[in-house]
Amino acid sequence: VPSVERVTTYGYGEYDVTDHTRTFAELNVSRTRGDNIYSPSFPILAFPIVPRTHVDNPSGMDSKFYGRALGADAGGARSTFGDDTLRAVLGVKGDLEDAAAGSAFEDWEWELYASLGVSRYNLQVPDTIGPRFTDALQACADPAELSGCFNPYYTAIEGSGTPNSDAVIESFLGRLNNITDHWLRTYN
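Caption draft 1: Examining the overall build of the chain more closely. Across its full length, the chain holds 2 helices and 7 strands. Counting from the amino terminus, the chain carries its helices and strands in the arrangement β-β-β-β-β-β-α-α-β. The C-alpha radius of gyration of the chain comes to 30 Å, more than 25% above the 16 Å expected for a compact globule of 188 residues. Dimensions of the chain along its principal axes, counting C-alpha atoms only, are 100 × 25 × 25 Å. Classification of the 188 residues of the chain by burial places 27% in the buried group. Sequence separation of 24 or more characterises 71% of the internal contacts of the chain that already satisfy a separation of 6 or more. In the chain, 14 positive and 26 negative side-chain charges are present, and the distance between their average locations comes to 6 Å.

The following block contains the structure:
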């Protein structure tokens, strides 16, 4: 269950202009913040090649990588989200009691208003930067220089059994930042 904090405020007011006409306004402001835990990394759908020259490639042939860069041992990755919303209404309303006295319209009421709604949703999701991940796979051809190497086989019995350094993993981890703005104007 994601952690969520919400703060909302609402205000409404009316002012009598005459006995049969009132102005009114309302304001609604809300702010939401939260986070969620995902798998350590998403599957890499570009299917990069683990080259045959990779020191830990047990097949000795170029192989497509199907899977996630990080497994369960890495722990869950955290995404964050936020939503800021503002809605304002300004209008005038009244009745026809005096203006249409004695007619069928005497009990009628009327209202004119305009509203504006603005919202910004921001979602940040951890992701793997594909070209950097490919570079880390390609950096494993020289057994004497494996500082930039990512070993997708990690516990390979054949080859170097090269452990993955935090620096290499950090080099291909990123965050997708998705900002969505909404505007809505109405006149009624």
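Caption draft 2: Representation of the sheet that holds strand E1 (residues 3-18) in the model. The strand order E1-E2-E5-E6-E7 describes an open sheet built from 5 strands, whose pairing is antiparallel. The outermost strands of the open sheet, each flanked by one partner alone, are E1 and strand E7 (173-187). Neighbour to neighbour, the strand axes of the sheet diverge by 5 degrees on average, direction disregarded.

Caption draft 3: Structural detail: the pairing of strand E5 (residues 77-95). Pairing of strand E2 (residues 21-38) with E5, which is carried by 18 bridges, proceeds in the antiparallel orientation. Looking across to E5, one finds that Thr-32 is bridged to Asp-83.

Caption draft 4: Quick look at a negative patch on the surface. Together, Asp-16, Asp-19, Glu-97, Asp-98, Glu-106, Asp-107, Glu-109 and Glu-111 give the surface a local cluster of negative charge. Note on placement: Glu-111 falls in strand E6 (residues 109-128).

Caption draft 5: Representation of the packing of aromatic side chains. Inspection of every chain in the model, using the stated rule, returns 9 aromatic pairs. Counting every residue linked through ring pairs, the aromatic cluster contains Phe-65, Phe-133, Phe-150 and Phe-172. A cation over an aromatic ring shows up here: Lys-93 above the ring of Phe-24, its NZ or CZ 5.1 Å from the ring centre.

Caption draft 6: Region of interest: the nonpolar core. Among the nonpolar cores identified, the biggest contains 12 residues, and these are Ile-44, Val-50, Phe-65, Ala-69, Leu-70, Phe-133, Ala-136, Leu-137, Phe-150, Val-168, Ile-169 and Phe-172. The set of elements that each furnish at least two residues to this core consists of helix H1 (130-138) and helix H2 (166-172). Ignoring any residue separated from it by four or fewer positions in sequence, one finds Val-168 in contact with Ala-136, Ser-147, Gly-148, Cys-149 and Phe-150.

Caption draft 7: Up close: the pattern of salt bridges. Enumeration according to the criterion identifies 6 salt bridges in this entry. Notably, a salt bridge pairs Lys-93 with Glu-14, separated by 2.9 Å at the nearest N-O pair. Here Lys-93, found in strand E5, pairs with Glu-14, found in strand E1; they are 79 residues apart in sequence, far enough to count as distant. Given a relative accessible area of 16%, Lys-93 falls into the buried group. Under the relative-accessibility criterion, Glu-14 is labelled partly exposed at 42%. Each of Glu-14, Arg-22 and Lys-93 takes part in salt bridges that share partners, so that together they form one network.

Caption draft 8: Seen up close, a nonpolar patch on the surface. On the surface, a cluster of nonpolar side chains totalling about 200 Å² of accessible area is made up of Leu-27, Val-29 and Leu-86. Looking at where Val-29 falls in the secondary structure, it is placed in strand E2. On the basis of relative accessible area, Val-29 is assigned to the partly exposed category, the value being 30%.

Caption draft 9: Region of the structure containing H1. By the burial criterion, the buried members of H1 are Phe-133, Ala-136 and Leu-137. In a view along the axis of H1, the buried residues occupy a sector of 100 degrees, so they form one face of it. More than 90 degrees from the buried face of H1, the exposed residues found are Pro-131 and Asp-135. Residues of H1 that are buried in the fold lie against strand E3 (49-50), E6 and H2.

Here is what the cut-offs are and how they apply
Residues numbered from 1 in each chain as written. Predicted model: local features only at pLDDT ≥ 70, side-chain atom pairs only at ≥ 80, totals over all residues. Heavy atoms only, no water. Helix = DSSP H or I, 4+ residues; strand = E, 2+ residues; numbered from the N terminus. Rg over C-alpha atoms; globule rule 2.2 N^0.38 Å. Buried < 20%, exposed > 50% of the residue type's maximum accessible area, 1.4 Å probe, protein only. Contact = heavy atoms within 4.5 Å. Lys, Arg positive; Asp, Glu negative; His and termini not counted. Charge placed at Lys NZ, Arg CZ, Asp CG, Glu CD. Pairing = 2+ DSSP bridges. Axes fitted to C-alpha atoms, helices over the stretch in contact; angles between N-to-C directions. Patch = residues over 30% accessible without salt bridge, like charges linked within 9 Å, V, L, I, M, F, W, Y side chains within 5 Å. Areas by Shrake-Rupley, 256 points an atom, 1.4 Å probe, with all protein chains shown as cover. Salt bridge = Lys/Arg side-chain N within 4 Å of Asp/Glu carboxyl O. Phe/Tyr/Trp six-rings, centres within 6.5 Å; stacked < 30°, edge-to-face > 60°. Lys NZ or Arg CZ within 6 Å of the ring centre and 35° of its normal. Core = buried A, V, L, I, M, F, W, Y, C linked by side-chain atoms within 4.5 Å. Arc of directions from axis to C-beta.

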